Amino acid sequence: IVSKLVKRGKRYYYRNGYLYFSLKTENFHRAKQIKHHLDTKHELERFGIFTPSNKNLYEAINEWIKFTASDRSDSWWNGNIPKIERFKKYIGDVSVMSISTSQINSFIGDRKNDGKAPATIHGDFKPVRQFFDWCVSNSYIERNPVKTAIFPRLRTIRKRMPIDNGILQEIFAEADKIDRIFWMVCYYTGLDAAEAGTLQKSYIKDNIIYKTRNKTQVPVPIPLHPKLIKLKSKIFNILRSKRERDASNRRFKKMCEKRGFYGVVKCLRHSFVSHLFNSGLSVSDIKVVAGHTSEKMTVHYTKAQIDTIRTALNTLN
């Protein structure tokens, strides 16, 4: 039996024997494309080759997690499971085949309406995109609906670079008391803002901070800098709330802009690693004190030394 495209009103319908249904499109080329896929599917089914198409979203996601679990670190899953759960809750337990790009666009629109930044929205969909790629490879679906979705345009992301120690000391001297202590803890420990702002007395023994990093779950021993030892009673729970830390970050940015460069509190961690590297500490030792899971990440932080290396190379005869 030869299949046909039938136009009723403005829409195209597919007819093949007893099968007759709308293709939900008014575009002839799109209708032809769908017809071609349906004809291929029916031809394969004549020879007993069936494309699985009845997988529900929850079942498929559980399969994907089991399949890829060993390829991902615990920190990756901790960061991405909430994104997957949010997507599941929005879409519901429907057939994977029925999930369309328009539903993805609707979800993106809701995230934008919630005030989420473009980078956050792109990040939300990274594991979802990977899940649908896996579904395509398993023939659960024919195409990834996320790839044709309309995402908000990403703003230019500026690189976080290490800051010269002399400039940092100027900034610390100019800051008010709370900001100065917070920024000094970030710089002299290499901890992220949230970890530095919520540092507790119980983490310190014999002037060494023993802290498991929130992001990587790697235990980190950090000897207290002499300047922090002098402030020892004042470095605990400095800025406990994210709102306070964000406000402090804005003040740090203004201090950097005033000096003609871009800088955020996260740059203090980059400066910590970079300055240790400049002082001659090995990458393997920096990896321990920075709480990195691999030396590859530590090397990423020390890439800023390329200008120093270039200058040294230029002196060679």
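I will try to describe carefully the structure that is included in this document. Nothing here was measured: the structure is a model prediction, and the numbers come from that model.

Quick word on the sheet that holds strand E2 (residues 11–16)
Sheet strands associate in pairs through backbone hydrogen bonding, adopting either a parallel or an antiparallel arrangement.
Okay, so step 1: Pairing within the open sheet is antiparallel, and its three strands lie in the order E1-E2-E3. For this open sheet the edge positions go to strand E1 (4–8) and strand E3 (19–22), each flanked by a neighbour on one side alone. Strand-to-strand twist across the sheet, computed as the mean angle between neighbouring axes with direction ignored, equals 25°.
Okay, so step 2: Relative to E2, E1 runs antiparallel, the two sharing five bridges. Its bridge partner being in E2, Val6 is matched across the sheet by Tyr13.
Okay, so step 3: The strands that helix H1 (residues 28–46) touches are E1, E2 and E3; relative to E2, the one it contacts most, it runs at about 20°.

Focus on the pattern of salt bridges
Okay, so step 1: Under the criterion given, the structure shown has 16 salt bridges.
Okay, so step 2: A salt bridge links Glu170 to Arg259, with the shortest nitrogen-to-oxygen separation between them at 3.4 Å. Linking Glu170 in helix H6 (residues 165–174) with Arg259 in the loop between helix H10 (242–258) and helix H11 (266–278), this pair joins segments that are 89 residues apart in sequence.
Okay, so step 3: With relative accessibility at 45%, the residue Glu170 sits in the partly exposed group.
Okay, so step 4: By relative accessible area, which is 25% here, Arg259 ends up partly exposed.
Okay, so step 5: Via salt bridges that share partners, Asp192, Glu195, Arg213, Lys266 and Arg269 belong to a single interconnected network.

Let's talk about the side chain of Asn16
Okay, so step 1: The topology assignment puts Asn16 in strand E2.
Okay, so step 2: We classify Asn16 as buried; its relative accessible area is 15%.
Okay, so step 3: Among the polar contacts made by the side chain of Asn16, one reaches the side chain of Tyr14 at a distance of 3.1 Å.

Topic: the packing of aromatic side chains
Okay, so step 1: Scanning all chains against the criterion turns up 19 aromatic pairs.
Okay, so step 2: When the ring of Trp64 is compared with that of Trp77, the centres are 5.8 Å apart and the planes differ by 65°; the resulting orientation is edge-to-face. With a gap of 13 residues between them, Trp64 in helix H2 (residues 57–68) and Trp77 in helix H3 (residues 74–91) connect regions that are remote in the sequence.
Okay, so step 3: When its relative accessible area of 3% is taken as the criterion, Trp64 is described as buried.
Okay, so step 4: Take Trp77: its relative accessible area is 10%, and that puts it in the buried class.
Okay, so step 5: Consider the rings of Phe67 and Trp134, whose centres lie 6.2 Å apart with planes at 45°: the pair is tilted. Of this pair, Phe67 sits in helix H2 while Trp134 sits in helix H5 (residues 118–137); the two residues are 67 residues apart in sequence, bridging distant segments of the chain.
Okay, so step 6: In this structure Phe67 comes out as exposed when scored by relative accessible area, which is 58%.

Comments concerning the pairing of strand E6 (residues 219–223)
In regular strands, side chains alternate between the two faces of the sheet.
Okay, so step 1: Only one face of E6 is covered, namely the one carrying Val220 and Ile222; the face carrying Pro219, Pro221 and Pro223 has none of its residues buried.
Okay, so step 2: Direction of pairing for strand E5 (residues 208–212) relative to E6: antiparallel, over a ladder of five bridges. In the sheet register, Thr212 faces E6, and the bridge partner there is Pro219.

Quick look at the pairing of E5
Okay, so step 1: The alternating pattern of E5 places Ile209 and Lys211 on a buried face, while none of Ile208, Tyr210 and Thr212, on the opposite face, is buried.
Okay, so step 2: With two bridges joining them, strand E4 (residues 204–205) and E5 adopt antiparallel strand pairing. Considered in E5, the bridge of Lys205 is made with Ile208.
Okay, so step 3: The turn linking E4 back onto E5 is made up of two residues, and Asp206 within it adopts a positive phi angle of 55°.
Okay, so step 4: With antiparallel pairing between neighbouring strands as the criterion, E5 and E6 make up a hairpin whose turn holds six residues, including Gln217 at a positive phi of roughly 60°.

Focus on the sheet that holds E4
Okay, so step 1: Strand order in the open sheet formed by three strands is E4-E5-E6, with antiparallel pairing between adjacent strands. Each edge of the open sheet carries a strand with a single partner, namely E4 and E6.

Basis of the calculations
- Residues numbered from 1 in each chain as written.
- Predicted model: local features only at pLDDT ≥ 70, side-chain atom pairs only at ≥ 80, totals over all residues.
- Heavy atoms only, no water.
- Pairing = 2+ DSSP bridges.
- Helix = DSSP H or I, 4+ residues; strand = E, 2+ residues; numbered from the N terminus.
- Axes fitted to C-alpha atoms, helices over the stretch in contact; angles between N-to-C directions.
- Contact = heavy atoms within 4.5 Å.
- Salt bridge = Lys/Arg side-chain N within 4 Å of Asp/Glu carboxyl O.
- Buried < 20%, exposed > 50% of the residue type's maximum accessible area, 1.4 Å probe, protein only.
- Polar contact = N/O pair within 3.5 Å; in protein donor to acceptor, adjacent residues only side chain to side chain.
- Phe/Tyr/Trp six-rings, centres within 6.5 Å; stacked < 30°, edge-to-face > 60°.

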